[in-house]
Amino acid sequence: MYSDTDPKNVEILHRSLHMLSPVQASQEKFWLGMTMTYYKDYLYYRLNDELSKNKDERIKTALTSYKNGLKRALFVNVLSRLWWVGNLTYDATREDPYEHIKFFCESDFSARAVIFFSSNFTSKKRTGIRDSFGDLQVETRWS
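Analysis parameters
- Residues numbered from 1 in each chain as written.
- Predicted model: local features only at pLDDT ≥ 70, side-chain atom pairs only at ≥ 80, totals over all residues.
- Heavy atoms only, no water.
- Phe/Tyr/Trp six-rings, centres within 6.5 Å; stacked < 30°, edge-to-face > 60°.
- Helix = DSSP H or I, 4+ residues; strand = E, 2+ residues; numbered from the N terminus.
- Buried < 20%, exposed > 50% of the residue type's maximum accessible area, 1.4 Å probe, protein only.
- Axes fitted to C-alpha atoms, helices over the stretch in contact; angles between N-to-C directions.
- Parallel < 35°, antiparallel > 145°, perpendicular 65-115°, else oblique.
- Contact = heavy atoms within 4.5 Å.
- Nonpolar A, V, L, I, M, F, W, Y, C, P; charged D, E, K, R; others polar.
- Core = buried A, V, L, I, M, F, W, Y, C linked by side-chain atoms within 4.5 Å.
- Polar contact = N/O pair within 3.5 Å; in protein donor to acceptor, adjacent residues only side chain to side chain.
- Salt bridge = Lys/Arg side-chain N within 4 Å of Asp/Glu carboxyl O.
- Left-handed = near helix turned anticlockwise from the far one by under 90°.

Engineer: Would you mind showing me how to read the packing of aromatic side chains here?
Structural biologist: Here the distance between the centres and the angle between the planes together describe a pair of aromatic rings. Using the criterion set out here, one finds 4 aromatic pairs in the structure. Taken together, a centroid distance of 6.1 Å and an interplanar angle of 50° make the contact between tyrosine 42 and tyrosine 45 tilted. Taken together, the residues span about one helical turn, with tyrosine 42 and tyrosine 45 both in helix H4 (residues 40-46) at a distance of 3 residues. A residue is classified by how much of its surface remains accessible, and tyrosine 42, at 12% relative accessible area, is buried.

Pasting the structure below:
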């Protein structure tokens, strides 16, 4: 369901907030404020199942989960995850600068983002690892 909309949502959010610095984008209060005002419809859309089943713990972590470590929390929050994946995979030298988003969004977007970008090694924007995303898509089916 979300694999159809996540790539476009990453691109839309990152394009509209491209001027944010990593320090600004690391602020929990910023994302909480944005989620509860401008992006409330997205919150309801993304957490529809959790809201209907009263999964309070998941709803809390979707908004505020900085107690588990900042880097991980950036990818657990439903809104900041979009910006961070866009920021860390954006490549202005490519014909489609958001091409690498497809790798993360084709299946289990949130888990892939948390696992991949929570690592100190793979979370660096210029490690060259993101250049192999296309190869991973062809050679490996992650499920």
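Engineer: Mind showing me how you'd approach the packing of helix H1 (residues 6-16) against helix H8 (residues 80-89) here?
Structural biologist: Packed helix pairs are specified by the crossing angle of their axes together with the interaxial distance, meaning the distance between the axes. One can describe the packing of H1 onto H8 by two numbers: an axis separation of 8 Å at closest approach and a directional angle of 80°. Viewed along their axes, H1 and H8 adopt a mutual orientation that is roughly perpendicular. Residue-level inspection shows Asp6, Asn9, Val10, Leu13 and His14 of H1 in contact with H8, the latter providing Leu82, Trp83, Val85, Gly86 and Asn87. Residue composition of the contact of H1 with H8, by class: 5 nonpolar, 4 polar and 1 charged.

Engineer: What's the story with the nonpolar core in this structure? I'm lost.
Structural biologist: Counting 30 residues, the largest nonpolar core has Trp31, Phe75, Trp83, Trp84 and Val85 as its most contacted members. Contacts of phenylalanine 75, omitting those with residues within four sequence positions, involve Arg81, Trp84, Val85, Leu88, Ala113, Val114 and Phe117.

Engineer: Help me understand the side chain of asparagine 77 in this model?
Structural biologist: The topology assignment puts asparagine 77 in the loop between helix H7 (70-76) and H8. Here leucine 79 takes part through its backbone nitrogen, which lies 2.9 Å from a polar atom of the side chain of asparagine 77. Among the polar contacts made by the side chain of asparagine 77, one reaches the main-chain amide nitrogen of serine 80 at a distance of 2.9 Å.

Engineer: Would you take a moment to explain H1 for this structure?
Structural biologist: Of the positions making up H1, those classed as buried are Asp6, Asn9, Val10, Glu11, Leu13 and His14. Of the surrounding secondary structure, the elements contacted by the buried residues of H1 are helix H3 (28-36), H4, H8, helix H9 (101-105) and helix H10 (109-117).

Engineer: Honestly, the pattern of salt bridges in this entry has me stumped. Any pointers?
Structural biologist: Pairs can form between side chains of opposite charge whenever their charged atoms are close. Applying the stated criterion across every chain yields a total of 5 salt bridges. Its salt-bridge partner being aspartate 6, residue arginine 46 comes within 2.5 Å of it at the nearest N-O pair. A residue pair is termed long-range when its members are at least 10 positions apart, and arginine 46 in helix H4 and aspartate 6 in helix H1 qualify at 40 residues. For the pair shown, arginine 46 and aspartate 6 are each scored as buried. Its salt-bridge partner being arginine 15, residue glutamate 11 comes within 2.9 Å of it at the nearest N-O pair.

Engineer: Would you explain the packing of H8 against H10 in this entry?
Structural biologist: Direction vectors running N to C along H8 and H10 enclose 55°, while the axes themselves pass 11 Å from each other. In terms of axis orientation, H8 runs oblique to H10. Judged by the twist between their axes, the crossing of H8 over H10 is left-handed. Seen from H8, the contacting residues are Arg81, Leu82, Val85, Leu88 and Thr89; seen from H10, they are Phe109, Ser110, Ala113 and Phe117.

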